[in-house]
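One-letter residues, chain by chain:
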Amino acid sequence: MDKFKVVMNLVQKRQTSLGFGLIPLLTAGAEHVFSTFAFRCPCSEWSFLYGTVSLLVPAAALLLLGYMLSNKTWKLFTGLCLRRSNAFRFKFICGCLGVFLQITSTAMIAPVSWIAIALLNGVYFECMVTGLNVTGRYLCRERSESCRVELHKLPCDKTSIPSAEREAVLTTIRAQSQVLGWLLIASIMLFSLLLTCVARCRSPISYLQLKFWREYAREENNFFDSYASLHAKKLAERNIQSFFEMTTPESEPTPPRYAWEKISSFYKFKTMDKYYSTVHKYVETCKNPQNPVRILSAKSGDISNPAALAFVDEGTMMLGVAMDKFKIVMNLVQQRQTSLGFGLIPLLTAGAEHVFSTFAFKCPCSEWSFLYGTVSLLVPAIALLILGYMLSNKTWKLFTGLCLRRSKFFRFKFICGCLGVFLQITSTAMIAPVSWIAIALLNGVYFECMITGLNVTGRYLCRERSESCRVALHKLPCDKISIPSAEREAVLTTIRAQSQVLGWLLIASIMLSSLLLTCVARCKSPISYLQLKFWREYAREENEFFDSYASLHAKKLAERNIQSFFEMTTPATLPTPPRYAWEKISRFYKFRTMSTYYSTVHKYVETCKNPQNPVRILSTKSGDISNPAALDFVDEGTMML
């Protein structure tokens, strides 16, 4: 056990390096699965486009995923749009670009790995090159004329070119692809080495101090998560207990918004300082922690990290936070349930689509083909969208009692708030249907059935082919026609290539739009990155405590009533929140920079002067319908996992 503990401690200390090594392995596995089971070169005029999309679009999707999984991305963009005084300062812009380049250097690992491994494989490059007629002059030099004319058919062995000549051309193309792959790997590694050497060379701190700083950053992050969870738990328990017991809440010190802003900024090390983080500098320089004022150095909020510490903040993204205790792992799963839920939905959808396409989907190969394929592609996606609405807690929180608020129905602000919340719900509910459509397009059988069911597509698909291809196009998926097998396979391969191109473009466009929307939402967030992190933790803890206290209070009330009925005695006094109190805490909460409340429950218990007899004197603003955009997905965690 001692040796096992030593190994686990080593893994924990080297989690960033191991994470950077694990990403290429996972990418290589994904590329191998795709190239083996899904990639089929159409061997037509679509070859170049299909090969290019299959090579580059998955890499672009992995790059966007890298940005979305990086903590630094959200630390950079959270509240950025509200810093208008710094927006046009040259130093501020350079600092933002520097941090963005650090994020990009980490996010580029997976896409570069995909491109390099795909080039070493050779099938993508082979499909691309044979799809370009201009390459025939070089590849088919000193060869037969049929090589140049039928170059695009080489990967499918559909040509009249002698087998030895075909194999020689394809071997040359694969050799070129592997040369490009090895050159890409070597150039990226050399570039990374040079950049790291320059960053270390310009580091303002020594090697051992940098080693200590890395250890301090890891420990501070762990302690922050621990203390944030503990403080959020205490605050949530106090608020829920005060609400159900209808008592005045006890005082609970909570850091103000300005303090959160200070510790959420990026920290730039200075040789004259002795601080290792923004938290370290804040606690050392704040004269009155109970009532902090804006007297801290303006330099503490510099946007750029020292380049030598570029990857310190990325360790948690690569290989988890703690691997030595099962309890810590389970706590991590609990804290990341929303992200894990969003990742689990596409996997479950992919499994369901695979089962349906394998065991249930059978193209009729008749005039019903287009309708059948369209329904099989879109209707399950619509059903998943409706299911997403039904499983979302926000849907029922929005619609419960909505028809009775007639006085607000025609208020522009109320309508905009409702639409905003509905768009948040839709963005979450769209994950499963978009996953279904994208995976179905990558599969290709639905699109194949749809296209062959349209007679108008025969003019394009059966161009330069026999007349029977155009007449009996709808029978192609079932092999019910007299068309030669090679001609039938060529048409179907072209259709599947078009389907996969649409699938990859859909995935990339959805990921890009999601990243941009989330960046805009974070950019306009009224709270800082670490306060938002604390808020998420508080929302989770409050939800758990509400369920616990609601169950306990309901049990006590039910037991008292039933006991009083059967024993025919006067019921004991048991304080129960009135209807108006329930209305106040059931509304959506909008954060305001001047307040220190984290939910409607928190605001209610803090502002209600007489919990035993609440009156309608609370601020009307507490019932605003909209959540802050940066917290769009906080309420959806219980739905996902």
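Treat the numbers as computed from the prediction; the structure is a model and nothing was measured.

Asker: Help me out: how do you make sense of the overall build of the protein chain in this one?
Answerer: Broken down by element type, the protein chain carries 28 helices and zero strands. Here the protein chain holds 641 residues, and the buried ones make up 45% of them. A separation of at least 24 residues holds for 75% of the contacts in the protein chain among residues at least 6 apart in sequence.

Asker: Honestly, helix 6 (residues 109-121) in this entry has me stumped. Any pointers?
Answerer: The α-helix winds at 3.6 residues per turn, so residues separated by three or four positions along the chain end up facing the same way. A rise of 1.5 Å per residue sets the reference length of helix 6, with its 13 residues, at 18 Å; its end C-alpha atoms lie 18 Å apart and thus fit the reference within 8%. Along helix 6, the positions that sit buried rather than exposed are Ala110, Pro111, Val112, Ser113, Trp114, Ala116, Ala118 and Leu119. Gly122 occupies a position one or two residues after helix 6 and carries a positive phi of about 100°.

Asker: Please clarify how the environment of Met128 should be interpreted in this entry.
Answerer: Relative to the helices and strands, Met128 resides in helix 7 (residues 123-130). By relative accessible area, Met128 is classed as buried at 14%. Considered as a pair, Met128 and Phe48 are 80 residues apart in the sequence and their alpha carbons are 4.0 Å apart. Contacts of Met128, omitting those with residues within four sequence positions, involve Ser47, Phe48, Gly51, Thr52 and Leu55.

Asker: Quick question: what am I supposed to make of the packing of helix 17 (residues 369-391) against helix 21 (residues 445-452) here?
Answerer: Geometry of a packed helix pair, given as the angle between the helix axes and the separation of the axes. Helix 21 packs onto helix 17 with a crossing angle of 150° between their chain directions and a minimal axis gap of 7 Å. In terms of their interaxial angle, helix 17 and helix 21 are classed as roughly antiparallel. Taken as a pair, helix 17 and helix 21 cross one another with a handedness that is left-handed. In this structure, helix 17 contributes Ser369, Phe370, Tyr372, Gly373, Thr374, Ser376 and Leu377 to the contact, and helix 21 contributes Tyr446, Cys449 and Met450. Of the residues in the contact of helix 17 with helix 21, the class split is six nonpolar, four polar and no charged.

Asker: So what exactly am I meant to see when it comes to the nonpolar core here?
Answerer: Side chains that are nonpolar tend, in soluble globular proteins, to be buried together. Leu76, Phe243, Trp260, Tyr598 and Tyr604 are the most contacted members of the largest nonpolar core, which totals 49 residues. Cys365, Leu461, Leu473 and Leu476 belong to the second largest nonpolar core, which has 22 residues in total.

Asker: I would appreciate a short explanation of the state of the cysteines in the present structure.
Answerer: Covalently bonding the sulfur atom of one cysteine to the sulfur atom of another cysteine gives a disulfide. For the coordinates displayed, the defined rule picks out six disulfides. In this model, Cys41 is linked to Cys127 through a disulfide, with the two sulfur atoms separated by 2.2 Å. The sign of the S-S torsion, about 80°, decides the handedness of the disulfide formed by Cys41 and Cys127: right-handed. You can see Cys41 sitting in the loop between helix 2 (15-37) and helix 3 (47-69) and its partner Cys127 sitting in helix 7, a full 86 residues away along the chain. Judged by its relative accessible area of 1%, Cys127 falls in the buried class. No disulfide involves Cys197; its sulfur sits 8.5 Å from that of Cys201, the nearest cysteine. Overall, Cys197 belongs to the partly exposed group, its relative accessible area being 44%.

Asker: Quick question: what am I supposed to make of the pattern of salt bridges here?
Answerer: Note on pairing: side chains with opposite charge can pair once their charged atoms come close. Overall, the coordinates contain 13 salt bridges when judged by the stated rule. The closest approach of N and O atoms between Glu606 and Arg238, which form a salt bridge, is 2.7 Å. Residue Glu606 is located in helix 27 (residues 600-607), and its partner Arg238 is located in helix 11 (residues 207-245); the two are separated by 368 residues in the primary sequence. The salt bridge involving Arg540 is made with Glu541; its shortest N-O contact spans 3.2 Å. Judged by its relative accessible area of 12%, Arg540 is buried. A cluster of three or more residues bridged by salt bridges with shared partners is formed by Glu537, Arg540, Glu541 and Glu544.

Asker: Got a minute to help me understand helix 27 in this structure?
Answerer: Of all the eight residues making up helix 27, six are buried; the element is thus mostly covered by neighbouring parts of the structure. For helix 27, the elements touching its buried residues are helix 11, helix 25 (529-567) and helix 26 (579-585). A distance of 3.4 Å separates the backbone nitrogen of Val601 from a side-chain oxygen at the start of helix 27, and that oxygen is part of Ser599.

Asker: What should I look at first to understand the environment of Phe399 in this one?
Answerer: Along the polypeptide, Phe399 turns up in helix 18 (residues 393-399). Overall, Phe399 belongs to the partly exposed group, its relative accessible area being 44%. The spacing of Phe399 and Phe422 is 23 residues in sequence and 10.0 Å in space, taken between C-alpha atoms.

Asker: I keep staring at the packing of aromatic side chains and nothing clicks. Help me out?
Answerer: Evaluation of the coordinates by the stated rule reveals 30 aromatic pairs. Centroid distance Phe545 to Tyr549: 6.5 Å. Interplanar angle 50°. Geometry classified as tilted. Of the two residues, Phe545 and Tyr549 are both situated in helix 25; the distance of four residues between them amounts to about one turn of the helix. Accessibility expressed as a relative area gives 12% for Phe545, which makes it buried. Through a chain of ring-to-ring contacts, the aromatic side chains of Phe224, Trp260, Phe534, Trp535, Tyr538, Tyr589 and Tyr598 assemble into a single cluster. The ring of Phe266 carries the charged tip of Lys75 above its face, separated from the ring centre by 5.2 Å. Sitting over the face of the ring of Phe588, Lys397 holds its NZ or CZ atom 5.1 Å from the ring centroid.

Asker: I keep staring at a nonpolar patch on the surface and nothing clicks. Help me out?
Answerer: A cluster of nonpolar residues, Leu378, Ile382, Ile386, Leu387, Met390, Leu391 and Trp396, forms a patch on the protein surface that exposes about 670 Å² of accessible area. It is helix 17 that provides the largest number of residues to the nonpolar patch, a total of six residues. Examined against the element boundaries, Ile386 turns out to sit in helix 17.

Asker: What am I meant to see in unusual backbone geometry here?
Answerer: Glycine aside, a negative phi is what most residues show, and trans is what most peptide bonds show. Of note, Cys43 is a non-glycine position whose phi angle comes to about 55°, a positive value. For Cys43, the location among the structural elements is in the loop between helix 2 and helix 3. Take Cys43: its relative accessible area is 5%, and that puts it in the buried class. Phi is positive for Met568, which is not a glycine, with a value near 55°.

Asker: In this structure, what is going on with the confidence of the model for the protein chain? I would like to understand it.
Answerer: Per-residue confidence for the protein chain gives a mean pLDDT of 80; residues scoring 70 or more make up 82%. Within the model, pLDDT remains below 50 along residues 616-641, and this stretch shows 90 contacts once partners closer than five positions in the same chain are excluded.

Definitions and cut-offs
- Residues numbered from 1 in each chain as written.
- Predicted model: local features only at pLDDT ≥ 70, side-chain atom pairs only at ≥ 80, totals over all residues.
- Heavy atoms only, no water.
- Helix = DSSP H or I, 4+ residues; strand = E, 2+ residues; numbered from the N terminus.
- Buried < 20%, exposed > 50% of the residue type's maximum accessible area, 1.4 Å probe, protein only.
- Contact = heavy atoms within 4.5 Å.
- Expected span 1.5 Å × (residues − 1).
- Axes fitted to C-alpha atoms, helices over the stretch in contact; angles between N-to-C directions.
- Parallel < 35°, antiparallel > 145°, perpendicular 65-115°, else oblique.
- Left-handed = near helix turned anticlockwise from the far one by under 90°.
- Nonpolar A, V, L, I, M, F, W, Y, C, P; charged D, E, K, R; others polar.
- Core = buried A, V, L, I, M, F, W, Y, C linked by side-chain atoms within 4.5 Å.
- Disulfide = S-S within 2.5 Å.
- Salt bridge = Lys/Arg side-chain N within 4 Å of Asp/Glu carboxyl O.
- Polar contact = N/O pair within 3.5 Å; in protein donor to acceptor, adjacent residues only side chain to side chain.
- Phe/Tyr/Trp six-rings, centres within 6.5 Å; stacked < 30°, edge-to-face > 60°.
- Lys NZ or Arg CZ within 6 Å of the ring centre and 35° of its normal.
- Patch = residues over 30% accessible without salt bridge, like charges linked within 9 Å, V, L, I, M, F, W, Y side chains within 5 Å.
- Areas by Shrake-Rupley, 256 points an atom, 1.4 Å probe, with all protein chains shown as cover.
- pLDDT = per-residue confidence, 0-100.

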